[in-house]
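So the chains spell out like this:
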Amino acid sequence: MKNIPVVMIIFGGSGDLAHRKLYPALFNLYEQGLIRDNFAVIATARRPWTHEYLRGQIADAVHETHTEVNENDLADFTQHFYYQSHDVTNVGHYETLKELAQELDDRYSAQGNRIFYLAMAPRFFGTIATHLNDQHLTSSGFNRIVVEKPFGHELASAEKLNQQITASFAEDDIFRIDHYLGKEMVQNILPMRFTNPLIKNVWNNSEIKNIQVTLAERLGVEARGGYYDTSGALRDMVQNHIFQIVTLLAMPEPKDLNASSIHEAKQELLAGLIIPSEAEIAQHFVRGQYLGSDTTFGYLQEANVAEDSATETFVAGEMKFKNGPIANVPIYFRTGKELKEKKTRIDIVLKHRSNPYGQAHSNNITLIVDPNMEIYITINGKKISQTGIRRENLDYNFSKDELAEVPDGYERLLHDVFVNDSTNFTHWSELQAYWKFIDAIESAWQKADQAGQKPAQYLPYRMGPKEADQIFERPTEHWIYE
Ligand code: NAP
């Protein structure tokens with residue numbers, strides 16, 4: 001499908017996400033012809049920019065992310081952008097926005113199609129959704145809304161936000177975005193699982209001992225202390241990215257690749273998500289906070305963080321499902337700030353089988369998602385000039401040229417919004433299941449706070465607190481990635 005007619009309205013059009021991700025991604029989609037003659041974008045925010053200033057910002061954003069740019073195309077592209085100073089809390093401003101959207105719809109023959117992109121602090125999502133509805137911003141064509149993370153602060157606020165959005169938008173028109181679902185290696189999970197008998201035939205609870213998901217960040221909270229202190233690693237990373245990855249790893253085989261079949265398979269899995277008891281949380285979950293060093297602040301010294309904050313900058317824990325191919329297999333996860341290096345990685349640890357050689361290394365399947373992209377399988381072979389078994393890796397990786405072709409997650413996902421493919425977006429029922437799990441952990445931690453317990457402390461640039469090495473179900477289990 002090419003040249004999709006649409007007027008897109010970006011709330012938060014002067015923000016970091018729009019600049020670094022959305023504008024460069026839109027330019028690439030323009031270059032591919034997906035949007036071309038019949039589209040206009042209205043960027044909104046409070047500051048008093050002009051259309052020309054916005055266009056200059058967009059040209060800068062494209063130059064900053066591309067090594068080669070067709071300047072004629074870029075000049076044409078930026079002419080499709082309009083700036084509207086707009087305070088999302090001011091009801092009157094929606095009238096002006098509606099008029100501009102209609103004017104641009106007529107000028108670009110956009111056929112009454114609208115995409116609303118909420119690229120702002122999450123506390124504004126409900127307000128925007130409410131005013132889109134009461135000020136009748138939706139139009140006569142398709143009306144789609146893209147909502148950034150986090151979607152709610154816990155289940156109750158997520159439900160409220162969902163009600164506010166569903167007042168104007170059907171579930172199929174709500175695109176809850178999680179850019180991890182746009183990543184090449186995350187999109188590789190299902191093809192890897194289902195097209196390789198070698199992998200598919202061991203993807204079950206008789207063969208898999210455990211799965212480990214690590215999302216390590218090198219940076220601290222930086223300027224986001226105020227937001228982060230109300231969120232923490234569990235809400236910021238587990239509720240969305242880690243759950244999305246785990247769902248792809250554990251879901252049953254979908255009957256086909258349609259968005260509805262994929263979501264059906266995910267829902268079937270999530271209906272069996274085990275909510276851990278308080279005793280299980282105490283045993284299998286660890287929260288941590290990073291300490292300072294000679295050159296860096298500890299979390300409690302960061303700007304806009306309460307000095308007695310119990311917010312976790314690290315969490316390790318366990319997920320399990322009652323159903324699906326790996327029912328009851330422990331899926332351990334950990335994520336945190338100021339860890340050893342930036343790395344997103346998945347390790348599938350297979351059970352040992354007895355063999356006539358007596359000993360062997362475990363066969364693990366590892367997917368590296370970030371910063372490089374790779375799949376490798378550890379296998380056993382014969383040592384060349386001695387007896388015994390040696391361990392080798394079978395590698396599946398990408399050439400430099402292939403890596404250069406991989407689109408950014410935002411480009412992929414924006415493409416999907418334009419073509420109405422919701423496969424890689426979070427369905428409401430999935431989000432509900434995720435929040436139920438997160439709420440149970442948060443509630444247990446609140447009780448721990450009241451009992452005077454604190455998050456474990458960890459030195460920066462290691463792999464989190466040592467307590468995270470004790471969360472396993474069996475003494476033979478340990479983190480594969482140290
Ligand atoms: P940001 O840089 O702080 O941008 C916030 C935007 O909101 C600015 O354009 C700001 O412009 C506007 N704004 C603030 N108050 C407003 C109001 N009352 N009315 C109208 N506009 C207002 O935030 P961001 O980093 O782009 O993040 C946006 C969303 O994307 C968040 O939900 C975040 O979690 C998500 N996200 C961001 C990234 C990223 O890389 N940045 C990655 C993943 C997800 P004015 O001050 O001019 O109003």
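A quick note: this is a predicted structure, and the numbers were derived from the prediction, not measured.

Quick notes on the site of the ligand
Surveying the vicinity of the ligand reveals 21 residues, the closest of which are Ser-14, Asp-16, Arg-20, Arg-46 and Arg-47. At 3.0 Å, a backbone N or O of Gly-15 approaches an oxygen atom of the ligand. Within the backbone of Leu-17, a nitrogen or oxygen atom sits 2.8 Å from an oxygen atom of the ligand. Against a free-state accessible area of 890 Å², the protein chains account for coverage of 78% of the ligand. Ranked by the residues each element gives to the shell around the ligand, the list is headed by helix H1 (residues 16–31), at 3 residues. Taken together, the residues of the shell around the ligand sort by class into 9 nonpolar, 5 polar and 7 charged.

Section: the sheet that holds strand S11 (residues 343–350)
With mixed pairing, the 9 strands of this open sheet are ordered in space as S14-S13-S12-S11-S7-S10-S9-S8-S15. Both edges of this open sheet fall to strand S14 (389–397) and strand S15 (456–458), since each of them pairs with a single strand only. Between one strand and the next, the sheet's axes are offset by a mean angle of 20°, whatever the strand orientation. With 6 bridges joining them, S11 and strand S12 (residues 364–370) adopt antiparallel strand pairing. Across the sheet, Thr-344 pairs through a bridge with Asp-370, a residue of S12. This element, helix H11 (residues 232–250), spans strand S7 (208–216), strand S9 (314–319), strand S10 (331–336) and S11 of the sheet and lies at about 145° to S10.

A closer look at the packing of H11 against helix H16 (residues 428–450)
At their nearest, the axes of H11 and H16 sit 10 Å apart, and the two run at 135° to each other. In terms of their interaxial angle, H11 and H16 are classed as oblique. The handedness of the crossing between H11 and H16 comes out as right-handed. Across from Leu-234, Arg-235, Val-238, Gln-239, Phe-243, Gln-244 and Thr-247 in H11, the residues of H16 making contact are Glu-430, Leu-431, Tyr-434, Trp-435, Phe-437, Ile-438, Ile-441, Glu-442 and Trp-445. Partitioning the contact of H11 with H16 into residue classes produces 10 nonpolar, 3 polar and 3 charged.

As for the sheet that holds strand S2 (residues 39–45)
If you trace the 6 strands from one edge of the open sheet to the other, you get S3-S2-S1-S4-S5-S6, paired in parallel fashion. Two strands lie at the open edges of the sheet, namely strand S3 (81–85) and strand S6 (174–176), each paired on one side alone. Each strand of the sheet is rotated relative to its neighbour by a mean of 20°, with strand direction disregarded. Summarising the sheet, strand S4 (residues 114–118) and strand S5 (residues 143–147) pair through 5 bridges and their orientation is parallel. Paired with Phe-116 across the strands is Ile-145, a residue of S5. Most of the contacts of helix H15 (residues 409–418) go to S4, to which it runs at about 145°, and overall it touches strand S1 (6–11), S4, S5 and S6.

So, the packing of H1 against helix H2 (residues 51–65)
Between H1 and H2, the least distance of the axes is 9 Å, while the angle of their chain directions is 85°. The angle between H1 and H2 falls in the class roughly perpendicular. Where H1 approaches H2, its residues His-19, Arg-20, Tyr-23, Pro-24 and Phe-27 are matched on the opposing element by Leu-54, Gln-57, Ile-58, Asp-60, Ala-61, Val-62, Glu-64 and Thr-65.

Structural notes on H2
For the α-helix, the turn length of 3.6 residues means that residues three or four positions removed from each other point alike. Compared with an ideal rise of 1.5 Å per residue, which puts 15 residues at 21 Å, H2 spans 21 Å between its outermost C-alpha atoms and is within 8% of the ideal. Residues Leu-54, Arg-55, Gln-57, Ile-58, Ala-59, Ala-61 and Val-62 constitute the buried set of H2. Tucked into the core, H2 has its buried residues touching H1, S2, helix H3 (71–78) and S3.

Thoughts on the domain arrangement of the protein chain
Each assigned domain of the protein chain is listed here: domain 1 (6–176) and domain 2 (181–408 + 427–470). Computed over C-alpha atoms, the centres of domain 1 and domain 2 are 32 Å apart. Each partner contributes residues to the interface: domain 1 has 14 residues there, and domain 2 has 14 residues. Of the roughly 1300 Å² buried where domain 1 meets domain 2, counting both sides, 59% is carbon and sulfur surface. When the buried area of domain 1 at its contact with domain 2 is split by residue, Lys-149, His-153 and Leu-155 rank highest and sum to 43% of it. If you look at where domain 1 meets domain 2, you find 2 salt bridges.

Section: unusual backbone geometry
Cis geometry marks the peptide bond from Lys-149 to Pro-150, where omega comes out at -5°. With respect to the element layout, Pro-150 can be found in the loop between S5 and helix H6 (155–166). Phi is positive for Asn-3, which is not a glycine, with a value near 50°. As for its placement among the helices and strands, Asn-3 is situated in the segment before S1.

Cut-offs and rules
- Residues numbered from 1 in each chain as written.
- Predicted model: local features only at pLDDT ≥ 70, side-chain atom pairs only at ≥ 80, totals over all residues.
- Heavy atoms only, no water.
- Near = heavy atom within 4 Å.
- Polar contact = N/O pair within 3.5 Å; in protein donor to acceptor, adjacent residues only side chain to side chain.
- Areas by Shrake-Rupley, 256 points an atom, 1.4 Å probe, with all protein chains shown as cover.
- Helix = DSSP H or I, 4+ residues; strand = E, 2+ residues; numbered from the N terminus.
- Nonpolar A, V, L, I, M, F, W, Y, C, P; charged D, E, K, R; others polar.
- Pairing = 2+ DSSP bridges.
- Axes fitted to C-alpha atoms, helices over the stretch in contact; angles between N-to-C directions.
- Contact = heavy atoms within 4.5 Å.
- Parallel < 35°, antiparallel > 145°, perpendicular 65-115°, else oblique.
- Left-handed = near helix turned anticlockwise from the far one by under 90°.
- Expected span 1.5 Å × (residues − 1).
- Buried < 20%, exposed > 50% of the residue type's maximum accessible area, 1.4 Å probe, protein only.
- Domains from an automatic or database assignment.
- Buried area = accessible area lost by both parts, 1.4 Å probe.
- Salt bridge = Lys/Arg side-chain N within 4 Å of Asp/Glu carboxyl O.

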